[in-house]
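# Structural features, examined
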Amino acid sequence: MKHFRQYLRAGTLAEAVAIRKEVGPKSLYIAGGTTVVPFASKGVDVLIDITGLGLDGTSDHGDLISVGATTRLSELLHPDMRADVPVIYKAASVVGSPLLRNMATLGGCLAGIFLPSDIGIALLATGARIHLRGEEQRIVPIGDLLVEGWLSGYELITEVRIDKRRPGTGAGFAKFGRSTVDISLVNAAAALEVSKGTIEALRIAVGQTGSKPVVLAGPALGAEGRDVTRDFIRESAEQVAASVRPKADSRASADYRKSLIKVMVARALTDAAAEAGVRFAD
Ligand SMILES: Cc1cc2nc3c(=O)[nH]c(=O)nc-3n(C[C@H](O)[C@H](O)[C@H](O)COP(=O)(O)OP(=O)(O)OC[C@H]3O[C@@H](n4cnc5c(N)ncnc54)[C@H](O)[C@@H]3O)c2cc1C
């Protein structure tokens, strides 16, 4: 298998962390392997398989859903997820191809190099708590993981906790890539809380525009107290696009990404408004 020298199957969480700590940067955890196998650098020669640690599956905890880190994306595509955390269902259903979704895991999506992934952006808008295991356990908001920093050293993502959708809330996701199985050129998600058509809270996340995702919350958008109208959605999309300085790369120019941001944010917001029960007058 490529340049890898050793493939170790960890039996426990503690063992996985201990091996990674001992071998250091020459090792990587492997879950679905969809990124590690094709893209790991030549310097990595030890893979630590974490799929036998019992970190797969979803469980219902009343107001929230817990998803184990090695849960395959295809396992997220079931009716309960669609009802309880629809935006994660929406994002998971458009990651790559069915083949990829049968292998790729939630943890791999959040820790991988194609940052920020579609699911990461959806989770940034709605909020989620990430359970990590290094020498100790810690729980961090998704923003700390994807915006503020990264996994430290040999930390392992073990679980993601997501609040269930409540009445009066809605979340939308939109992405655009060169083809349906491509990594997005721009992805965007919006989470909205409304009362009688008036905004109580809004958070928008945009990815694939720079090395870090951009998250804008209600006060920065002047959203609280406003009615959700098509004009508001257009203005917000323009405001987000104006506040981001997108990267240019071989896949898209900065100007093209800027125009995509406007369209993706407007689509995500429209989707969120519909889910929150907003009816547009026109
Ligand atoms: C052809 C193709 C198309 C794709 N299209 C999309 C797309 O449309 N949208 C999108 O968002 N992404 C896309 N991706 C990226 C895809 O989401 C990732 O490849 C996948 O999520 C990685 O998950 P995995 O389980 O295979 O991770 P792996 O390849 O096993 O690991 C990826 C990285 O994460 C680390 N890791 C894995 N699990 C954990 C954990 N629990 N804790 C800490 N570190 C961990 C590994 O050490 C490695 O560094 C695409 C990838 C490919 C190859």
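The following refers to the structure shown. All values derive from a computational prediction rather than experimental measurement.

A separate point is the overall build of the protein chain. From N to C terminus, the protein chain includes eleven helices and twelve strands. In terms of overall size, the protein chain behaves like a compact globule, its C-alpha atoms giving a radius of gyration of 19 Å where 282 residues would be expected to give roughly 19 Å. For the protein chain, the C-alpha atoms occupy an extent of roughly 60 × 45 × 30 Å along the three principal directions. Within the protein chain, the fraction of its 282 residues that count as buried is 49%.

For Phe232, the position within the fold is in helix 10 (residues 230-243). Separated by 37 residues in the primary sequence, Phe232 and Leu269 place their C-alpha atoms 9.7 Å from one another. Not counting chain neighbours up to four residues away, the residues in contact with Phe232 comprise Ile199, Leu202, Ala223, Arg226 and Asp227.

Okay, helix 1 (residues 13-23) next. Inspection of helix 1 places Leu13, Ala16, Val17, Ile19 and Arg20 among the buried residues, and these make up the whole buried set. All buried residues of helix 1 lie within an arc of 160 degrees about the axis, which places them on one face of the element. Immediately beyond the C-terminal end of helix 1, within one or two residues, lies Gly24, with a positive phi of roughly 75 degrees.

Our next topic: the nonpolar core. One finds Ile88, Leu110, Ile119, Leu123 and Ile130 to be the most contacted residues of the largest nonpolar core, which totals 40 residues. Broken down by element, this core gets its largest block of residues, six residues, from helix 7 (residues 118-126). With near-sequence residues (within four places) excluded, Leu123 lies in contact with Ile88, Leu110, Ala128, Ile142, Val160 and Ile162. In terms of nonpolar packing, the next biggest core, distinct from the first, is built from 33 residues, Leu185, Ala190, Ala237 and Val265 among them.

This paragraph deals with helix 11 (residues 254-275). Compared with an ideal rise of 1.5 Å per residue, which puts 22 residues at 32 Å, helix 11 spans 31 Å between its outermost C-alpha atoms and is within 8% of the ideal. Arg257, Leu260, Ile261, Met264, Val265, Ala268, Leu269, Ala272 and Ala273 are the residues of helix 11 that are buried. Looking at the buried side of helix 11, the elements it contacts are strand 9 (169-176), strand 10 (186-195), strand 11 (198-207) and helix 10. A positive backbone phi angle near 90 degrees is found at Gly277, which sits one or two residues after helix 11.

All right, on to the site of the ligand then. In the neighbourhood of the ligand, 33 residues make up the surrounding shell, with Tyr29, Thr34, Thr35, Thr105 and Asp118 lying closest. In this structure, Gly32 approaches the ligand through a main-chain N or O atom, which is 2.8 Å from an oxygen atom. Burial of the ligand by the protein chains amounts to 88% of its free accessible area of 970 Å². At the level of secondary structure, the elements contributing two or more residues to the shell around the ligand comprise strand 2 (27-30), helix 6 (106-111) and strand 8 (156-163). Tallying contributions element by element places helix 6 first for the shell around the ligand, with four residues.

To describe a pair of aromatic rings, one takes the distance between the centres and the angle between the planes. On inspection of all chains with the given rule, the structure shows zero aromatic pairs. Here the guanidinium or amino end of Arg20 rests over the ring plane of Tyr29, the centre of that ring lying 5.5 Å away.

Closest axis-to-axis distance for the helix 4 (residues 86-93)/helix 7 pair is 8 Å, and the angle between their directions is 165 degrees. Comparing the axis directions of helix 4 and helix 7 gives the class roughly antiparallel. Handedness of the helix 4/helix 7 crossing: right-handed. Facing helix 4, whose interface residues are Val87, Ile88, Ala91 and Ala92, helix 7 presents Asp118, Ile119, Ala122, Leu123 and Thr126. Considered class by class, the residues forming the contact of helix 4 with helix 7 number seven nonpolar, one polar and one charged.

With that settled, the discussion passes to the sheet that holds strand 7 (residues 137-141). Spatially, the five strands line up as an open sheet ordered 4-5-8-6-7, and their pairing is antiparallel. Among the strands making up the open sheet, the edge pair consists of strand 4 (58-61) and strand 7. This sheet shows a mean twist of 20 degrees between the axes of neighbouring strands, independent of strand direction. Here strand 6 (residues 129-133) runs beside strand 8; their pairing, made up of five bridges, is antiparallel. By the bridge assignment, Leu132 is partnered in strand 8 with Ile157. The sheet contacts of helix 1 involve strand 6 and strand 8, and relative to strand 8 the element is tilted by about 125 degrees.

Position of Glu155 among the secondary structure elements: in the loop between helix 8 (142-148) and strand 8. At 2.6 Å, the side chain of Glu155 and the side chain of Arg138 are in polar contact.

What counts and what doesn't
- Residues numbered from 1 in each chain as written.
- Predicted model: local features only at pLDDT ≥ 70, side-chain atom pairs only at ≥ 80, totals over all residues.
- Heavy atoms only, no water.
- Helix = DSSP H or I, 4+ residues; strand = E, 2+ residues; numbered from the N terminus.
- Rg over C-alpha atoms; globule rule 2.2 N^0.38 Å.
- Buried < 20%, exposed > 50% of the residue type's maximum accessible area, 1.4 Å probe, protein only.
- Contact = heavy atoms within 4.5 Å.
- Arc of directions from axis to C-beta.
- Core = buried A, V, L, I, M, F, W, Y, C linked by side-chain atoms within 4.5 Å.
- Expected span 1.5 Å × (residues − 1).
- Near = heavy atom within 4 Å.
- Polar contact = N/O pair within 3.5 Å; in protein donor to acceptor, adjacent residues only side chain to side chain.
- Areas by Shrake-Rupley, 256 points an atom, 1.4 Å probe, with all protein chains shown as cover.
- Phe/Tyr/Trp six-rings, centres within 6.5 Å; stacked < 30°, edge-to-face > 60°.
- Lys NZ or Arg CZ within 6 Å of the ring centre and 35° of its normal.
- Axes fitted to C-alpha atoms, helices over the stretch in contact; angles between N-to-C directions.
- Parallel < 35°, antiparallel > 145°, perpendicular 65-115°, else oblique.
- Left-handed = near helix turned anticlockwise from the far one by under 90°.
- Nonpolar A, V, L, I, M, F, W, Y, C, P; charged D, E, K, R; others polar.
- Pairing = 2+ DSSP bridges.

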